[in-house]
Amino acid sequence: MASEKDLNLEATELRLGLPGTSDESAKNQTSATPRSNKRALPQESMTSNISTASKNCDQETAPHTKAQVVGWPPIRSYRKNSLQPKKSEAEISGIYVKVSMDGAPYLRKIDLKVFKGYPELLKALEDMFKFKAGEYSEREGYNGSEFVPTYEDKDGDWMLVGDVPWEMFTSCCKKLRIMKGSEARGLGCVV
Amino acid sequence: MMNYFPDEVLEHVFDFITCHKDRNSVSLVCKSWHRIERYSRRRVFIGNCYSISPERLIARFPGVKSLTLKGKPHFADFNLVPYDWGGFVYPWIKVLAETGIGLEELRLKRMVVSDESLELLSKSFVNFQSLVLVSCDGFSADGLAAIAANCRFLRELDLQENEVDDHRGHWLSCFPESCTSLVSLNFACLKGEVNLGALERLVSRSPNLKSLRLNRSVPLDTLQKLLMRAPQLVDLGIGSYVHDPLSEASNKLKHAIQRCKSIMSLSGFLEVAPRCMSAIYPICGNLTTLNLSYAPGIHGNKLTKLIQHCRKLQRLWILDCIGDKGLGVVASTCKELQELRVFPSDPFGAGNDAVTEEGLVLVSAGCPKLNSLLYFCQQMTNAALITVAKNCPNFIRFRLCILDPVRPDPVTNQPLDEGFGAIVQSCKQLKRLSLSGLLTDQVFLYIGMYAEQLEMLSIAFAADSDKGMLYVLNGCKKLRKLEIRDCPFGNAALLEDVGKYETMRSLWMSSCEVTLGGCKTVAENMPSLNVEIINESGQTVFNLDEGQKVDKMYLYRTLVGHRKDAPESNQTYLKCRGDLTRSDHHEPSLNDMIKDMKLKNISGDDDFIISESNNFKLQSQLFEKEEAEIMILKWKRL
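Residues numbered from 1 in each chain as written. Chains lettered and ligands numbered in written order. Predicted model: local features only at pLDDT ≥ 70, side-chain atom pairs only at ≥ 80, totals over all residues. Heavy atoms only, no water.

Participant: Provide a residue-level description of the sheet that holds strand S7 (residues 175–180) of chain A, including the pertinent values.
Facilitator: Residue and element names in this part refer to chain A. Pairing is mixed across the open sheet formed by 5 strands, whose spatial order is S2-S1-S7-S5-S6. In this open sheet, the two strands that pair with only one neighbour each are strand S2 (108–111) and strand S6 (158–160). Strand-to-strand twist across the sheet, computed as the mean angle between neighbouring axes with direction ignored, equals 35°. As judged from the 4 bridges shared by strand S1 (residues 96–101) and S2, these two strands associate in the antiparallel manner. Bridge assignment links Lys 98 to a residue of S2, and that residue is Lys 109. The sheet strands contacting helix H6 (residues 118–129) are S1, S2, strand S5 (147–152) and S7, and the helix crosses S2 at an angle near 155°. (Pairing = 2+ DSSP bridges. Helix = DSSP H or I, 4+ residues; strand = E, 2+ residues; numbered from the N terminus. Axes fitted to C-alpha atoms, helices over the stretch in contact; angles between N-to-C directions. Contact = heavy atoms within 4.5 Å.)

Take a look at the structure:
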């Protein structure tokens, strides 16, 4: 607020926006922050300017396609949120799961997103823990090795890696465990 | 000479009158009909929760069993209303509970619903059966758990597009084993995991379940099990639809789907592997409603192939990735189509697949029964709108959103006045209209002239002057809701006929030219309106100068004065007390009042509010007789 000593230039200053708003908000009027009521269109002031400017229709209308006007297009925020962030979330964050191996002193973590399918995943696990997983078949599980890759799913059950489609696996796998020895053999027999 | 019917006979006749408008009209015929209707009314609709209080609702309709309430203004959907604006349901539930109302059904839209309210609701009404929440917020899974646990006869739990904080997923387990009454369960909007075992058991013990909409976390194998247990489903919302089409799981699913011969409505596919759509084909032939607007994963050939199987579709909601060509497929396949909604899949980009005027023209040519449209598109032409108007004169709802807010006709560079003008002139039953694109005052002249049945109008970035708004206010006699943003309408338009606002539910104006002084004038002259100012800059309104423009104004008719729960930034006005006791006040004559009623279209409203406000006058003046002697002759609609 201007003190008595000032010339009170603020009060007579020509600017866009409601009198009494601070310099900050006046400067920020071309950006569309969620709180800001100012539209980020090149014509900064009220609509009368827009329609009169656009009435000179021999010229191209201003390129609005990328400008984000608050509340435009009129789509419910629920809908907007469900379509957009999912994409970027999925792109940015990986699906990191813990991997334990029976007998190993500490656990590891891997990002399931970087693999395209089971063969790649198994190769990565074999490299990481220095073991060989054996041949996978739907009937018999992993044959020819005392190591069996298993995972805990959403329901808390321990499942054999490889039974379900890859996308389903990545969406429900919570952690991996490479079982060894007699426990592993028991799992291989379960249909 | 007409004999009088006993009350019971009239009550029985009124049982057949279910539509809100008609019941409101019935209540205005005479004192006796008013009384009988009042006590026999079971379903009440309140379009603005601040227009009346729960106490007055109960005083008028003590037998109410079903209540529909709407809270925030429509533009709240687009983040134009502060989160703390209001619309709390708790006070309603509290009063209904305290007065011992036998509430059975509660339907809320754009209201703030706390967990506390849900818990109170669940414990207060023994016969509570149906909860429908649309675009609400404020609750978490804890509130849902209370509903599940305590509502012993729950038939319907329908959650549509709510922002829910569901940090815990156990609410489904809270349905007791004894709960077997579910008919409808929709939790598609919940983001968290649910207890799948509990879900399966719940569906198994719900033989009457007709509608089931799952959320994203429900995987395919659970879906398959649910379908096996509920082949009687009529409405299905699929959560996750990811499977390998060659797998055993996929075969099992196909088999389960084929058993569901009654499914007429399909939605969801919140996660989808599009190559699996063929499993759905067997049920497509029966579908009347298909909502793929949350399934961006289905597009291109897969989408059009799916639609080609849906010959009986009446309602279709899709994303604009369908493209104009895809809309052509809709036009040639879906001859029964009545409602089409095309949403943008990429609101801020210039999508190549997005739709244009061509797609709309194709649909209008192929689907003559089309009467309801919501269409987001890149561009529109006057010629296309004129063609659409000719092809489809039956529009009741026409909402067009051109993504670029002031885009003219790209072919002629003209505003879209003529196109929309053709729509309003041709569609004589039009009740709802949303405009976009470059528009001058001219379009509003057309609207005022032709849109005689218009009840709701949404305007953005349009018009040149106050004339635009005046054309609408003067011409549209049945207007109930007017919402305007970013238009050059100022005090002259606002103040021309303030009495008009009493015949409407509400008026919203944001980023327009109305000033504080203008708003104050309305408030001071109309005690029956609340005028609210919402200022974004955080400045309280009392510091503003009368000549300053307000950011947002929301005014609405009310019988109960200012609300007590408005946030600080949102001020309603004090009226001039003096106005209420004018010394030259005279009682209007009967003829004046009838004329007034006709002009104000009092009886043609869903909302009983206006009839309530005139109630006192009616009882004391208009109907001196207990019974109307010529009631049957007057009552043509029955």
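Participant: Please give an account of the packing of aromatic side chains that cites residues and values.
Facilitator: Tallied over the entire structure, the rule returns 23 aromatic pairs over all chains. Ring centres of B:Tyr50 and B:Trp85 lie 5.6 Å apart, and the angle between their planes is 75°; on these two criteria the pair is classed as edge-to-face. Of the two residues, B:Tyr50 is situated in the loop between strand S1 (43–46) and helix H4 (54–60) and B:Trp85 in the loop between strand S2 (66–70) and helix H5 (90–98); the sequence distance between them amounts to 35 residues. Across the pair, exposure class does not vary: B:Tyr50 and B:Trp85 are buried alike. Taking the centre distance of 6.0 Å and the plane angle of 55° together, the rings of B:Trp508 and B:Tyr554 count as tilted. In this pair, B:Trp508 is assigned in strand S20 (residues 506–510) and B:Tyr554 in strand S22 (residues 552–557), connecting sequence segments 46 residues apart. An aromatic cluster is defined as three or more aromatic residues linked by ring pairs; in this entry it consists of B:Tyr50, B:Phe75, B:Phe78, B:Trp85, B:Trp508, B:Tyr554 and B:Tyr556. Looking at A:Arg79, its charged tip hangs above the ring of B:Phe343, at a distance of 3.5 Å from the centre. (Phe/Tyr/Trp six-rings, centres within 6.5 Å; stacked < 30°, edge-to-face > 60°. Buried < 20%, exposed > 50% of the residue type's maximum accessible area, 1.4 Å probe, protein only. Lys NZ or Arg CZ within 6 Å of the ring centre and 35° of its normal.)

Participant: Describe a nonpolar patch on the surface, with residues and values.
Facilitator: Residue and element names in this part refer to chain B. Taken together, Phe 5, Val 9 and Val 13 make up a surface patch of nonpolar side chains, about 210 Å² in accessible area. Inspection of the secondary structure puts Val 13 in helix H1 (residues 7–15). Judged by its relative accessible area of 35%, Val 13 is partly exposed. (Patch = residues over 30% accessible without salt bridge, like charges linked within 9 Å, V, L, I, M, F, W, Y side chains within 5 Å. Areas by Shrake-Rupley, 256 points an atom, 1.4 Å probe, with all protein chains shown as cover. Salt bridge = Lys/Arg side-chain N within 4 Å of Asp/Glu carboxyl O.)

Participant: An account of helix H9 (residues 220–229) of chain B is requested, with residue identities and associated values reported.
Facilitator: Three or more residues of H9(B) are buried, namely B:Leu220, B:Thr222, B:Leu223, B:Gln224, B:Leu226 and B:Leu227. Looking at the buried residues of H9(B), the elements they touch are helix H7 (166–172) of chain A together with helix H8 (196–204), strand S9 (211–213), strand S10 (235–241) and helix H10 (248–259) of chain B.

Participant: Before we move on, could you go through the pairing of strand S21 (residues 529–534) of chain B and cite the residues and values that matter?
Facilitator: Residue and element names in this part refer to chain B. The element S21 is largely enclosed, with a buried count of 6 among its 6 residues. Going residue by residue along S21, you find Leu 529, Val 531 and Ile 533 tucked away on one face and Asn 530, Glu 532 and Ile 534 tucked away on the opposite face as well. Where S21 meets S22, 6 bridges bridge the pair, whose relative direction is antiparallel. Among the inter-strand pairings, Glu 532 is bridged to a residue of S22, identified as Tyr 554.

Participant: Explain the nonpolar core to me, using residue names and the numbers behind them.
Facilitator: The biggest cluster of nonpolar side chains holds 189 residues, and the ones touching the most others in it are B:Trp171, B:Tyr241 and B:Ile447. Once residues within four sequence positions are removed from consideration, B:Ile447 is found in contact with B:Val424, B:Leu433, B:Leu435, B:Leu454, B:Leu457, B:Val472 and B:Cys476. Judged by nonpolar contacts, the second largest core, of 25 residues, contains A:Phe115, A:Tyr142, A:Tyr151 and A:Cys173. (Core = buried A, V, L, I, M, F, W, Y, C linked by side-chain atoms within 4.5 Å.)

Participant: Outline the side chain of A:Asp111, listing residues and values.
Facilitator: Residue and element names in this part refer to chain A. For Asp 111, the position within the fold is in strand S2. Of the side chains bearing the opposite charge, Lys 113 lies closest to the buried Asp 111, which forms no salt bridge; the N-O distance is 6.8 Å. Among the polar contacts listed, one links the side chain of Asp 111 to the backbone nitrogen of Ile 95, at a separation of 2.9 Å. Of note is the side chain of Asp 111, whose polar atom sits 2.9 Å from the backbone nitrogen of Lys 113. Once residues within four sequence positions are removed from consideration, Asp 111 is found in contact with Gly 94, Ile 95 and Tyr 96. (Lys, Arg positive; Asp, Glu negative; His and termini not counted. Polar contact = N/O pair within 3.5 Å; in protein donor to acceptor, adjacent residues only side chain to side chain.)

In short, geometric facts, not functional conclusions.
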